[in-house]
There are 2 protein chains.
Amino acid sequence: MDSLFNPPYRSKRPKDGKISFISQSGALGAAVLDWASVRDYGISKFVSYGNAMDVDEADLLGFLADDDETNVIVAYIEGVKDGRKFISAAKYATAKKPVIVIKGGLTSEGAKSVASHTASLAGDAKVYEGVFKQCGIVQAKTLKEVFNFAKFFTNEPLLKGDRIQIITNGGGFGVLATDAVLMNKLKLAKMQEKTRKKIQKVSPRYAIIKNPCDLTGDADNERFRVAVESCLEDKNIDGIILILLFQVPTIKPSIDKMMIKLLKNREKPVAVTSAGGKYALKHKKNLEKAGISTFNSPFAAARCLAAMWEYVKYRKKII
Amino acid sequence: MDSLFNPPYRSKRPKDGKISFISQSGALGAAVLDWASVRDYGISKFVSYGNAMDVDEADLLGFLADDDETNVIVAYIEGVKDGRKFISAAKYATAKKPVIVIKGGLTSEGAKSVASHTASLAGDAKVYEGVFKQCGIVQAKTLKEVFNFAKFFTNEPLLKGDRIQIITNGGGFGVLATDAVLMNKLKLAKMQEKTRKKIQKVSPRYAIIKNPCDLTGDADNERFRVAVESCLEDKNIDGIILILLFQVPTIKPSIDKMMIKLLKNREKPVAVTSAGGKYALKHKKNLEKAGISTFNSPFAAARCLAAMWEYVKYRKKII
């Protein structure tokens, strides 16, 4: 049922999917839904609950935790009505599925504007942060992160460890990805010797088969195929940042189909990173449509892996 | 002169403009140029200087500082060859125009991959951070930020102070923008009484004419016109985050033309923030084409204002 104020020609409705979104702000919620429509995100349920007269965020979390059509819950929250009720609902929900929250009113001045907006008590940022952590909630810092996290948790299998392998055809991107992995408190994987040998076999001597694994600027489809396939099988690797610059002439357009096939039943999360214009965007869109997570910057990719690792650690602790 | 390896159909060339870009990584540079092409950024010069055998980053900074066709310098740097030479070139350049740097190899592992890539000494992150600060260089954390900063410095007049006014037609976005302003160490402006009265006159009683100035979800073009115009004139306000959700039915499509006219000769930076799908994107693109800076998330907008304020403070100190 569609009960939004904004007409569909101005504010597209996203396609059906597995992300449910509850928002204490109507305008923010509607804009995010509209954003989701262009990014091809599938949405299950959307609730704008405002000042929470009858139904509050805890009720909604509990409901969506039990909803089979929801795989990931996203929430914009300004204040929590009943702390204890929220904690117990949140714990119940995160035991079943990831819950991503962006909190409005983290600063004292932000809290004041919350008071004018929904009259919630925004409370102390540190307290909220602590509560979210205690409940296994993933906290996004920006709206962009909300999107990225939601996409990543929907598309990707959960990490089993924190050892990340970087594969790239651009040296500079490999360097930035390395920084991003370390700055987000993840580890660089050390690939097995048999993996190294397999990749070396199809690569020139100047390729650097370490971590980052720099296939260099003249990498072709086959080099990428072998690298991705062997890293997916490598038991020393838990997740992959795959930097794929489509612009170089040695990459054939058929790489999309190849990657979609390779990654179809992946048991590790893969974050494809690729910057560029129309040509690159077309390729990224093809991958996104097939449920592969793509990013513009290695830092955004690493942030998603780190958020997932936080959630996995929480689950390991409670189960 | 176009000497890139990648064919134009795969890697578009951006239009002519005032941003010059030097990159120690060829692939990264080419991908960023290609990215710039879809975002309608104008580029003046691009140099990929790799391991800097003949010409190093200091030479290039010095050259671009004197280049009348360059207003903003952007650099991807893995390591600096000659520290003293770099510092003096950087100081010379930043006294003339903004210099935005993204540094590869900030972590120890990142530095190791720099050694395999360009054989530069990546050095200690803290040392580089200190040097950049000492020279008035704006350091971007992610590639996305490089883009945003470059756009913002090219489009916007410099801040004269750090007092930011938020104008919005979405309460939740106003709250997030307030947090973003405070978290980025900027201040919330306190508008003059005459400004408040002007806006109140065209707004319903439930509008909240403070900071954030929440024109509420039924704001129309006229309410936005009066709010923006009077805040541009208000001497207690140094910069504006303008949250404009185009999806609501009360906003007429002519708002683009109105904003372009209003902001034409602005003497304060304005960061337009708007999330959404096709309809909203079309409007944002119209504004971007007219040299207005737009963002998806309030946090990105505040980061740009904060980066600009850092640069302005440096200039105030040296002049």
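Residues numbered from 1 in each chain as written. Chains lettered and ligands numbered in written order. Predicted model: local features only at pLDDT ≥ 70, side-chain atom pairs only at ≥ 80, totals over all residues. Heavy atoms only, no water.

1. Side note on the interface of chain A and chain B
On the side of chain B, 67 residues touch chain A, which itself brings 67 residues to the contact. Of the roughly 4,800 Å² buried between chain A and chain B on both sides combined, carbon and sulfur atoms contribute 69%. Of all residues in chain A, A:R10, A:V175 and A:Q247 bury the most surface against chain B, accounting for 14% of the area lost on that side. The interface formed by chain A and chain B includes 15 residue pairs in polar contact (both at pLDDT 80 or more). Listing elements by their share of the side of chain A that touches chain B, those giving two or more residues are α1 (26-38), β4 (99-103), α4 (108-117), α6 (143-155), α7 (171-183), α11 (278-289) and α12 (298-318) of chain A. (Contact = heavy atoms within 4.5 Å. Buried area = accessible area lost by both parts, 1.4 Å probe. Polar contact = N/O pair within 3.5 Å; in protein donor to acceptor, adjacent residues only side chain to side chain. Helix = DSSP H or I, 4+ residues; strand = E, 2+ residues; numbered from the N terminus.)

2. Topic: the relation of the copies chain A and chain B
Relative to chain B, chain A is turned by 180° and slid 0.0 Å along the rotation axis, the superposed coordinates differing by an RMSD of 0.0 Å. The symmetry that links the two subunits is that of a two-fold axis. Taking the C-alpha atom as reference, chain A places A:K144 closest to the rotation axis, 5.7 Å from it. Of the interface residues in chain A, 100% have counterparts in chain B that sit at the interface too, so the contact is made through matching surfaces. (Least-squares fit on C-alpha atoms with pLDDT ≥ 70 in both.)

3. So, unusual backbone geometry
Residue and element names in this part refer to chain A. With an omega of 5°, the peptide bond between N211 and P212 qualifies as cis. You can see P212 is positioned in the loop between β8 (208-209) and β9 (213-214). We note that T216 has phi near 70°; this positive angle belongs to a residue other than glycine. Within the element layout of this structure, T216 appears in the loop between β9 and α9 (221-233). The class of T216 is buried, set by a relative accessible area of 12%. (Buried < 20%, exposed > 50% of the residue type's maximum accessible area, 1.4 Å probe, protein only.)

4. What to know about the packing of helix α9 (residues 221-233) of chain B against helix α10 (residues 255-262) of chain B
Residue and element names in this part refer to chain B. It is at 11 Å that the axes of α9 and α10 come closest, and there the two elements cross at 10°. Classified by the angle between their axes, α9 and α10 sit roughly parallel to one another. Each of N221, F224, R225, V228, E229 and L232 in α9 lies in contact with α10, whose residues at this interface are I255, M258, M259 and L262. In terms of residue class, the contact of α9 with α10 is made up of 7 nonpolar, 1 polar and 2 charged. (Axes fitted to C-alpha atoms, helices over the stretch in contact; angles between N-to-C directions. Parallel < 35°, antiparallel > 145°, perpendicular 65-115°, else oblique. Nonpolar A, V, L, I, M, F, W, Y, C, P; charged D, E, K, R; others polar.)

5. Considering the side chain of B:N169
Relative to the elements of secondary structure, B:N169 occurs in the loop between β6 (163-168) and α7 (171-183). A polar side-chain atom of B:N169 sits 2.9 Å from the main-chain amide nitrogen of B:L245. Non-local contacts of B:N169, meaning those with residues more than four positions away in its chain, are made with A:A27, B:D214, B:T216, B:G217, B:A219, B:F224, B:I243, B:L244, B:L245, B:V248 and B:I251.

6. With respect to the sheet that holds strand β3 (residues 72-77) of chain A
As a general point, the strands of a sheet are linked pairwise by backbone hydrogen bonds and lie either parallel or antiparallel. All names here are of chain A. Spatial ordering of the open sheet is given by β2-β1-β3-β4-β5, a layout of 5 strands whose pairing is parallel. Strand pairing shows two members of the sheet lacking a second neighbour, β2 (43-48) and β5 (138-139), which therefore form its edges. Relative to β4, β3 runs parallel, the two being bridged by 5 bridges. Looking at the pairing, Y76 lines up with I102 of β4. (Pairing = 2+ DSSP bridges.)

7. With respect to a positive patch on the surface
On the surface, a cluster of positive charge is made up of A:K12, A:K285, A:K289 and B:K278. With respect to the helices and strands, the residue A:K12 is situated in the segment before β1 (16-23). (Patch = residues over 30% accessible without salt bridge, like charges linked within 9 Å, V, L, I, M, F, W, Y side chains within 5 Å. Areas by Shrake-Rupley, 256 points an atom, 1.4 Å probe, with all protein chains shown as cover. Salt bridge = Lys/Arg side-chain N within 4 Å of Asp/Glu carboxyl O. Lys, Arg positive; Asp, Glu negative; His and termini not counted. Charge placed at Lys NZ, Arg CZ, Asp CG, Glu CD.)

8. With respect to the sheet that holds strand β1 (residues 16-23) of chain B
All names here are of chain B. What the 5 strands build is an open sheet, ordered β2-β1-β3-β4-β5; its pairing is parallel. Only two strands of the sheet have a single neighbouring strand rather than two, namely β2 (43-48) and β5 (138-139). Both β1 and β2 contribute to a ladder of 5 bridges, which runs parallel. If you follow I19 over to β2, its bridge partner there is I43.

9. Quick notes on the pattern of salt bridges
In the structure shown here, the tally under the stated rule is 36 salt bridges over all chains. For A:K112, the salt bridge is made with A:E109, and the minimal N-O distance between the two is 3.1 Å. In this pair, A:K112 and A:E109 both sit in helix α4, 3 residues apart, roughly one turn of the helix. In this structure A:K112 comes out as exposed when scored by relative accessible area, which is 53%. Note on A:E109: relative accessible area 26%, which makes it partly exposed. B:E145 serves as the salt-bridge partner of B:R303, at 2.6 Å between the closest nitrogen and oxygen. Of the two residues, B:R303 sits in helix α12 (residues 298-318) while B:E145 sits in helix α6 (residues 143-155), which places them 158 residues apart along the sequence. B:R303 sits in the buried class, given a relative accessible area of 16%. Taken together, the shared-partner salt bridges in this structure form one network comprising A:K45, A:D67 and A:E69.

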